[in-house]
Amino acid sequence: MRFLLIFLPVLVLAVEPIRIGKEHQLFLDDHLIEHTEHLTRRVQQARKHEANPMIVPRAKWEPEGYFLPSVLFDEEERIFKAWIDGGGPGVFYFTSKDGINWERPKLHLFPEFDAEPTNRVILSGFEFDQKEAPPEKLAYLRSRERGWTYFCYASGVIKDKRETDPQKRYKMAYLWIDRKFQRTPTSKPGKLTALGVAFSPDGIHWTPHNEPASYATLDAPIHVNWDEKHQRWIMLGRAFGVVTDEKKAAQAAEPNLQYNAGRAVIRCESTDFIHWTPEKGDLVMASDAQDSPTTEIYDMRSIPYAGLHIGLVHMFLNNPDSVTLPIQLAVSRDNKTWQRLSDRSPFLAQGGFGEWDRSVISPPTTDPLVVGDELWFYYTGRNGLHSTRWIPEDNPKLLAGVSPFRGSLGLATIKRDRFVGMEGNYLPGILRTKPFIHDGGTLHVNAAAKFGILTVSLLDESGASLQKITIKEGDAIDIAIPELTKLSARKDQPVRLEFSVQNGRLFSFWME
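All of these numbers come straight from a predicted model, not from anything done at the bench. (Residues numbered from 1 in each chain as written. Predicted model: local features only at pLDDT ≥ 70, side-chain atom pairs only at ≥ 80, totals over all residues. Heavy atoms only, no water.)

Peer 1: Help me understand the side chain of Thr-433 in this model?
Peer 2: Looking at the element boundaries, Thr-433 is found in strand β29 (residues 429–433). Residue Thr-433 is classed as buried on the basis of its relative accessible area of 0%. When sequence neighbours within four positions are dropped, the list of residues in contact with Thr-433 reads Leu-32, Ile-33, Glu-34, Arg-496, Leu-497, Phe-499 and Phe-509. (Helix = DSSP H or I, 4+ residues; strand = E, 2+ residues; numbered from the N terminus. Buried < 20%, exposed > 50% of the residue type's maximum accessible area, 1.4 Å probe, protein only. Contact = heavy atoms within 4.5 Å.)

So, in structure tokens, the structure goes:
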């Protein structure tokens, strides 16, 4: 019997090259990575500034502490501005020439309440919801706008250069709380929480929108920023009671899972800052099976950066032996679908024993500032333990006579692009990209190999080597490699790059 052998051609599925243009390419995810070996993707922890804490109470009219910071650099006025919640008494306004040393502008916006000029720009109703509140203060509060009556915590100030109405140049998100809300004429009064918004022409004189803007978020911090690609405002707020089916199945035998309150992150959109959809928000992040049974997601800040959205994920590690709130990282390509980094070490962690920010830190409610070669992240911290069902061995109740330090402003920094490093140890680590198309120019690399070696190889679309350049002892956020001439000559043609890193870190690359 004879067999007829027919040889058919092998079909090779071509990979569509990724167009990178001139955007910086970071390595928080595998979007552009085809292959790695002997490399570790590691979160680079932000460095806390030696001047911390930067704002501490020093006048008799100041609150015991501050939290939920909003800090921006005003390009028009060339100064730093900060709005920080006083944890009850309202919002206080600060200015700085260098972002380190802060001044308290002498305002007198509330003469019925403040006997002397202060830097208070919002008087909150939160601290007066008490039976012992002085009648004259309650009367003054009730005479103001409805939005201030239910103002609880500030949670983000934005100077909106796109706004055509000068009275709305500055925008603020805040937590709205009505503790005696009656849903129907026959129902018992209960607590209502929502998103409140306010507007200002100068960041000092504020007017609230006198109705809740969204009922989707149930607590602060609330994070709002502008999505340039989709031309709309994005709010990341908080839901409760979210424990995923994955987590329930994986941790069904864990007795402490029942104590997980299910804090999670929801997402809403708006075109006018007032009307938000969907009504209850879309769930975008919750604790998963890799987390402990009692771990929750407290909140998240989405930062637009280099074509990505980088999430500052505020964790609530509410564990029996330790209650901490570090900030981890996540990444998104569409500002909707989020991926937490597998390296869940802190990007920003609490301070150590005896430090001012030992217990609770709050992430910025504004985007980081680019200052020279650095990114500046303003946060607040305090040394008082977050409320918890667990009773620690050194029960804080034993220290009832000591007034807790309620918080201050801190600054943490990283060099540009250095959120995550691809680390190569003694054995060289290899990173090969997927095929990509660039817009021409010189290759630039952000790497730290001061006592190591970085090699860059240019490959064609099939993987054949075209040119190789070796850099020794390089550590800079911008290492230009004009010697890789064959790369710049292949504008609009699919290519790959292969990086070899020994005793160093690779952070990003781009064409310029």
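The structure having been displayed, the exposition proceeds.
Peer 1: Just checking my understanding: could you explain the pattern of salt bridges for this structure?
Peer 2: A side chain of one charge can pair with a side chain of the opposite charge if their charged atoms are brought near each other. According to the stated counting rule, one finds 34 salt bridges in the structure shown. Residue Arg-162 pairs with Asp-160 through a salt bridge whose shortest N-O separation is 3.3 Å. Here Arg-432 and Glu-498 are joined by a salt bridge, their closest N and O atoms 3.3 Å apart. Of this pair, Arg-432 sits in strand β29 while Glu-498 sits in strand β33 (residues 495–502), and the two are 66 residues apart along the sequence. We classify Glu-498 as partly exposed; its relative accessible area is 23%. (Salt bridge = Lys/Arg side-chain N within 4 Å of Asp/Glu carboxyl O.)

Peer 1: Would you mind going over the sheet that holds strand β14 (residues 207–208) with me for this structure?
Peer 2: Strands in a sheet are paired, the pairing made by backbone hydrogen bonds, and the direction either parallel or antiparallel. With respect to topology, 4 strands assemble into an open sheet ordered β11-β12-β13-β14, the strand pairing being antiparallel. Edge positions in the sheet fall to β11 (151–159) and β14, since each of these pairs with one other strand and no more. As paired strands, β11 and strand β12 (residues 170–181) are joined by 6 bridges and run antiparallel to one another. Considered in β12, the bridge of Val-157 is made with Met-172. (Pairing = 2+ DSSP bridges.)

Peer 1: It is not clear to me how the sheet that holds strand β17 (residues 264–270) should be interpreted in this structure. Could you clarify?
Peer 2: Within the open sheet, the 4 strands sit side by side as β15-β16-β17-β18. Their pairing is antiparallel. In this open sheet, the two edge strands, each paired with only one partner strand, are β15 (223–227) and β18 (277–285). The average angle at which neighbouring strand axes cross in this sheet is 30 degrees, direction not considered. In this structure, β15 lies alongside strand β16 (residues 232–239), joined through 5 bridges in antiparallel fashion. Across the sheet, residue Val-224 finds its bridge partner in β16, namely Met-235. (Axes fitted to C-alpha atoms, helices over the stretch in contact; angles between N-to-C directions.)

Peer 1: Quick question: what am I supposed to make of the packing of aromatic side chains here?
Peer 2: Ring pairs (aromatic) are described by centroid distance and by the angle formed between their planes. Counted under the stated rule, the structure contains 28 aromatic pairs. Ring geometry for Tyr-174 and Trp-176: centres 6.5 Å apart, planes at 15 degrees, overall stacked. Exposure class is identical for Tyr-174 and Trp-176. Each is buried. On the basis of an interplanar angle of 65 degrees and a centroid distance of 5.9 Å, the ring pair of Phe-273 and Trp-276 is categorised as edge-to-face. What makes Phe-273 buried here is its relative accessible area of 1%. (Phe/Tyr/Trp six-rings, centres within 6.5 Å; stacked < 30°, edge-to-face > 60°.)

Peer 1: Help me understand the pairing of strand β7 (residues 79–85) in this model?
Peer 2: Within β7, 6 of the 7 residues are buried, which leaves the element mostly enclosed by the surrounding structure. As judged from the 7 bridges shared by strand β6 (residues 67–74) and β7, these two strands associate in the antiparallel manner. In the strand pairing of β7, Pro-69 is matched with Ile-84. From the end of β6 to the start of β7, which pair antiparallel, there are 4 residues, and Arg-78 there has a positive phi angle of about 60 degrees. Across 6 bridges, the pairing between β7 and strand β8 (residues 90–96) is antiparallel.

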